[in-house]
Each structure stands twice: as structure tokens, then as C-alpha cells.
Amino acid sequence: MPCRLAITSMSLGRCFAGHSLPHKLDMARLYGYKGIELSYEDLVHVAQQLPGDSVEDNELEAALIIRRLCQERGLVILCLQPFAHYEGLLDRRAHLQRLEQLSFWLQLARALGTDMIQIPSSFLPPSELSDDPHIAVADLKELADMGLRQQPPIRFVYEALCWGTRCDLWEQSWGIVQAVDRPNFGLCLDTFNIAGRIYADPCSPTGCAPSCERAVRESIARLVAVVDISKVFYVQIVDAERLTEPLVRGHEFYNAGQPARMSWSRNCRLFYGEKDRGAYLPITEISRAIFQRLGFEGWVSMELFSRRMSDADGAVPRELASRGAVAWAKLIKDMKLRVEALGSTRVAASL
């Protein structure tokens, strides 16, 4: 299929800042997005506005409402995300609780009309996670098998976060996908998380890790050599800003309870090509490997996290949707992407 543009619903503004899901979906449609990654946070926010005392019943009703909202705007729900902190738990009672929660998420996926749930690598403290990769793989096989028993089957897409506790490199996530070895369990390649782990170091005065250029070249060579593109279910293309000061104690984004890369990610991601806003990661090189050398075609999502999302300014959803559309136009041009034609009722971005 041609490349199609999606965005995470949260990336158009946080619900707690007053940015309603219907308005965000309106902006997504207006600026040419074809799909959304639905943030569970947005589903919960819709559910909390419904009458009734049953949380599960309200969330299932909210899923049906969101499905209708998206259908009315011609938007596909690419996935529900994130089903976090699942694999490798040392507390096996907690693991059983997560399986119960997964059973409900499978119901939510069916109600939403999506066939995919995203799984980010866990960033729980090391004291809560096994260091035996076989346990994580067994847990993820169990999850995938639950998805296969659904009618129609539910797929899972696994992503290495650059601050993940046991999995923080795309190579590790690819190894897990291979070990799980299920047709409904695949990979999400996220340019920010790839570069954020091997190229960037927000705690460094330069913003860069040692030998970062070589690390990227070697990583790209491995990516092109080993990844089976049919197991890449979708990709996320975003950049991030270089900080003017190291992200250490005293920095405005410092959070003692978070890894530095997580705090940086939550505050400082940028859309592709936003050099004027301080973007500096080698996203073009990584994107070229994904699109031109691996030949990826399919869903391309702009999963932005930014402090701007939490601003109560009513202009936020339109601004972020517009910036993402400009980034998409640049990505199409730079990567020579094959895409669907832009609908006549939508705003065309210009560079």
C-alpha cells in the first residue's frame, strides 16, 4: 500500500489541557491525516464524561463513540496505545493482572475497529523486571497467542524505547520479534528512539553521545542487513531539539523519577525537518534507510511528545496538526514516497 499519514491523538494536545478528542480529530482530517494512533488517555477522557458507575462499560461505550467519530471524518484507527509495562515482570501475580487487563484491551480494540495494540518496551525499575530475556519473550508469546485467538486476530507492535530498562535498542526489539515468532507480532521502528539511544545524550553539553556518527552508520547497516520489512507493522518519524544546557539536576525538564532521555522525549520532540526549532538528530539518514533501502510502505505516524501539547492555548491542535502536515510534505519530497492523493477538502501543506 502507499505510505499513509497518521498521528498519535495525544500529539495534537493533551486532554487534561482542554483539548477535546473531537476537535483534535477535526484538525487531523483538515490537515490530511488518514489515521490515528489512539492514546488510551483520550479514550479514558471520553469515558469519564459518560454516565454510569462501571469503568469498563463506559470505556467500551467510549470506544464505540470514538470509532464513530473517526468514521465520520474518514480516519482509520491504526492502533490503541500504549499497553505498557507488560513483559518480564518479576511479580507473576502482577503479570496475571496485566493479562486480565489485556483481555479487556482486546475488547476495546474490537469496539474501536482496530486490529492492533502497541507495546512499548518496559521502563519499570530494574528491581521489578527480570534480567532473563526468555521470560520477556515467553510473556510476549502469551500475549500474541491471545491475540491470535481473537476473531479477527489482533496484532501487536513492539517498540524499543530509548530509555527502556531491558530493551532500549531497535536491535533488541527485532531480536524479541524474531524470538516471539508469531504472525501477529511485529516491529515499530521509531526514528526518535533509534537516534535518541545511540546518537543523542541529553545529559551531555553537546547533546551527543561519544562516537555517535559511527554508531548511527553501523546501526543503519545492521538495520538494512537484517530486518524483514514484512515484520515492520508501521513506522514513527520524529526528531528532537538539542538542549542549550545538559538535562541534569537544576534543568527545567529534570525529573528525578525519570531517566533523562524520557524527560527529554516528553518535552522536546519535534516533527521531521524542524531545523528552525532546533532539530538535530540524523532522522533523514535513518528515514532513508527505512524507506529507500528497506523499501517500507505503509503507515507513517508522527508520534510527537512536546511541552506544547500541555498548553491550554486553544490553538494547539491546529498548530501541531499543521506542523505535522508540513513535516509530511517534506518527508514525501526527501524520501520520494509513494502516497495517496490529498483530498480536495483538506489543507495542503507547503514548504
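Here's a quick rundown of the structure.

Criteria and cut-off values
- Residues numbered from 1 in each chain as written.
- Predicted model: local features only at pLDDT ≥ 70, side-chain atom pairs only at ≥ 80, totals over all residues.
- Heavy atoms only, no water.
- 1 Å grid on protein atoms, 1.4 Å probe; cavity = no way out; pocket = protein on both sides within 12 Å on 5 of 7 lines; lining within 4 Å.
- Points joined across faces, edges and corners; volume = space filled by probe spheres on them.
- Helix = DSSP H or I, 4+ residues; strand = E, 2+ residues; numbered from the N terminus.
- Nonpolar A, V, L, I, M, F, W, Y, C, P; charged D, E, K, R; others polar.
- Contact = heavy atoms within 4.5 Å.
- Salt bridge = Lys/Arg side-chain N within 4 Å of Asp/Glu carboxyl O.
- Buried < 20%, exposed > 50% of the residue type's maximum accessible area, 1.4 Å probe, protein only.
- Expected span 1.5 Å × (residues − 1).
- Arc of directions from axis to C-beta.
- Pairing = 2+ DSSP bridges.

**Regarding the layout of surface pockets**
- Here the largest pocket is characterised by a volume of approximately 350 Å³.
- Sorting the residues of the lining of the largest pocket by element identifies helix H2 (40-48) and strand S4 (116-120) as the ones contributing at least two each.
- Within the lining of the largest pocket, the residues separate by chemical class into nine nonpolar, five polar and six charged.

**Side note on the environment of Ala-321**
- Along the chain, Ala-321 turns up in helix H11 (residues 316-335).
- Excluding residues within four positions of it along the chain, Ala-321 makes contact with Leu-12, Met-27, Tyr-31 and Tyr-33.

**What to know about the pattern of salt bridges**
- What the rule picks out here adds up to 25 salt bridges.
- Salt-bridge contacts for Glu-72 lead to Arg-68; the nearest nitrogen and oxygen are separated by 3.2 Å. Taken together, the residues span about one helical turn, with Glu-72 and Arg-68 both in helix H3 (residues 55-72) at a distance of four residues.
- We classify Glu-72 as exposed; its relative accessible area is 52%.
- On the accessibility criterion, Arg-68 (41% relative accessible area) is partly exposed.
- Between Glu-171 and Arg-222 there is a salt bridge; the shortest N-O distance is 2.8 Å. With a gap of 51 residues between them, Glu-171 in helix H6 (residues 170-180) and Arg-222 in helix H8 (residues 212-226) connect regions that are remote in the sequence.
- Residue classification places Arg-222 among the partly exposed residues on the basis of a relative accessible area of 38%.
- It is possible to trace a salt-bridge network through shared partners that takes in Glu-274, Arg-277, Arg-308, Asp-311, Asp-313, Glu-319 and Arg-323.

**Points about H8**
- When the terminal C-alpha atoms of H8 are compared, their 21 Å separation across 15 residues agrees well with the 21 Å that a helix rising 1.5 Å per residue should span.
- Of the residues making up H8, those classed as buried are Cys-212, Val-216, Ser-219, Ile-220 and Leu-223. End-on, the buried residues of H8 take up no more than an arc of 100°, which puts them together on one face. For H8, the exposed residues lying more than 90 degrees away from the buried face are Arg-217 and Ala-225.
- Elements that come into contact with the buried residues of H8 comprise H6, strand S6 (185-190), helix H7 (191-198) and helix H10 (283-293).

**Let's talk about the environment of Asp-115**
- Within the secondary structure layout, Asp-115 lies in the loop between helix H4 (92-112) and S4.
- Between the alpha carbons of Asp-115 and Asn-184 there is a distance of 9.7 Å; along the sequence they are 69 residues apart.
- Excluding its chain neighbours within four sequence positions, the residues that come into contact with Asp-115 are Pro-153, Ile-154 and Arg-155.

**Points about helix H9 (residues 260-268)**
- Within H9, seven of the nine residues are buried, leaving the element largely enclosed by the surrounding structure.
- Along H9, the residues classified as buried are Arg-261, Met-262, Ser-263, Trp-264, Ser-265, Asn-267 and Cys-268.
- On its buried side, H9 packs onto H7, strand S8 (238-240) and strand S9 (269-271).

**Structural notes on the pairing of strand S7 (residues 232-236)**
- Judged by how many residues are buried, S7 sits mostly within the fold: five of five residues are covered.
- Where S6 and S7 come together, four bridges link them in parallel fashion. Note that in S7 the partner of Leu-189 across the bridge is Val-235.

Purely spatial values, then, with no claim about function.
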